[in-house]
Amino acid sequence: MMIWVNGELCDADAARVSVLDHGLTVGDGVFETVKTIEGRPFALTRHLDRLTRSARGLGLPDPDHDEIRRAARAVTDATPLPLGRLRITFTGGISPLGSDRGDNGPGLVVALGEVGRRPDSTAVITVPWTRNEHSAVAGLKTTSYAENVVALARAHGQGASEALFANTAGQLCEGTGSNVFVVIDGQIHTPPLASGCLAGITRALAVEWTGAHETELSPEVLGRAEEIFLTSTTRDIQAVHRVDARELPGAPGPVTAKAMRVFDERAGDDLDP
């Protein structure tokens, strides 16, 4: 594996960032995960635009899109994969030990790892912790991922692949690394961005391509929805066959199955929608 680190393509064993990088010491950084298909990134323009929005939300300088595209090409060319996860990490750079930023400029790491095709359906759990929709970093894709690590570990301990959060208002919000959709009376709904959820790239495409409604939802909807599915870069659209103790037999249901077909067809027609 070859990794792009601050302007240079390095072997993974030689790739290094400073122990004083603000992304490491205080989580002062943003990132994107981009699916690659036969070495070609999917929806890269949307991902770079969101990376910039996240950086601005933290007060970081705008990332250089041209440099990131060069880095993405370099690592994908160096490590040909049929299906990959391209990770773009943009940090506050070398800084003092504390919350103050230094003046050395931002850091950039671009890496690629192989992923397998996800199963058509999965199990999820709900967790007692909440997303803070009023947070200074609400809706930003930051490297401060510790609460997601804790929630996902709980999910794995219960035989699930994802954990779902409510927000402080008691509304359904999102997963640790996914957006959630429900089918009610044959219609697709997903929490609005005002809930504090991430503006997922796959979420946005699913809304555009399926006509899903952005709706404030109570977590109780998970107990009565006809169908439930998740969206994310590495999942695309994935049905849910169990949420907590509730089984949803036959997943993916007809509405989810149609959404999956539409997404696959539209994504196959345009790698940068």
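Scroll up to find the structure this text is about.
Analysis parameters
- Residues numbered from 1 in each chain as written.
- Predicted model: local features only at pLDDT ≥ 70, side-chain atom pairs only at ≥ 80, totals over all residues.
- Heavy atoms only, no water.
- Pairing = 2+ DSSP bridges.
- Helix = DSSP H or I, 4+ residues; strand = E, 2+ residues; numbered from the N terminus.
- Buried < 20%, exposed > 50% of the residue type's maximum accessible area, 1.4 Å probe, protein only.
- Core = buried A, V, L, I, M, F, W, Y, C linked by side-chain atoms within 4.5 Å.
- Contact = heavy atoms within 4.5 Å.

Caption draft 1: Seen up close, the sheet that holds strand β3 (residues 29-37). Strand order in this open sheet of six strands is β2-β1-β6-β5-β3-β4, and the pairing throughout is antiparallel. Strands with a single pairing partner mark the edges of an open sheet, and in this sheet they are β2 (8-11) and β4 (40-41). Pairing between strand β1 (residues 2-5) and β2: four bridges, direction antiparallel. Counted as the bridge partner of Trp4 is Leu9 from β2.

Caption draft 2: Highlighting helix α5 (residues 201-210). With respect to burial, α5 is a largely interior element, seven of its 10 residues being buried. Within α5, the full set of buried residues consists of Ile201, Thr202, Arg203, Leu205, Ala206, Val207 and Trp209. Once α5 ends, the next one or two residues include Gly211, with phi positive near 75 degrees.

Caption draft 3: Focus on the nonpolar core. In this structure, Trp4, Leu86, Ile88, Phe90, Leu108 and Val110 are the most contacted members of the largest nonpolar core, which totals 21 residues. Elements with a minimum of two residues in this core: β3, α2 (44-58), α3 (65-78), β5 (83-91) and β6 (107-114). Once you skip the residues sitting within four places of it in the chain, Val110 turns out to touch Ile3, Trp4, Ala71, Ala72, Val75, Leu86, Arg87 and Ile88.

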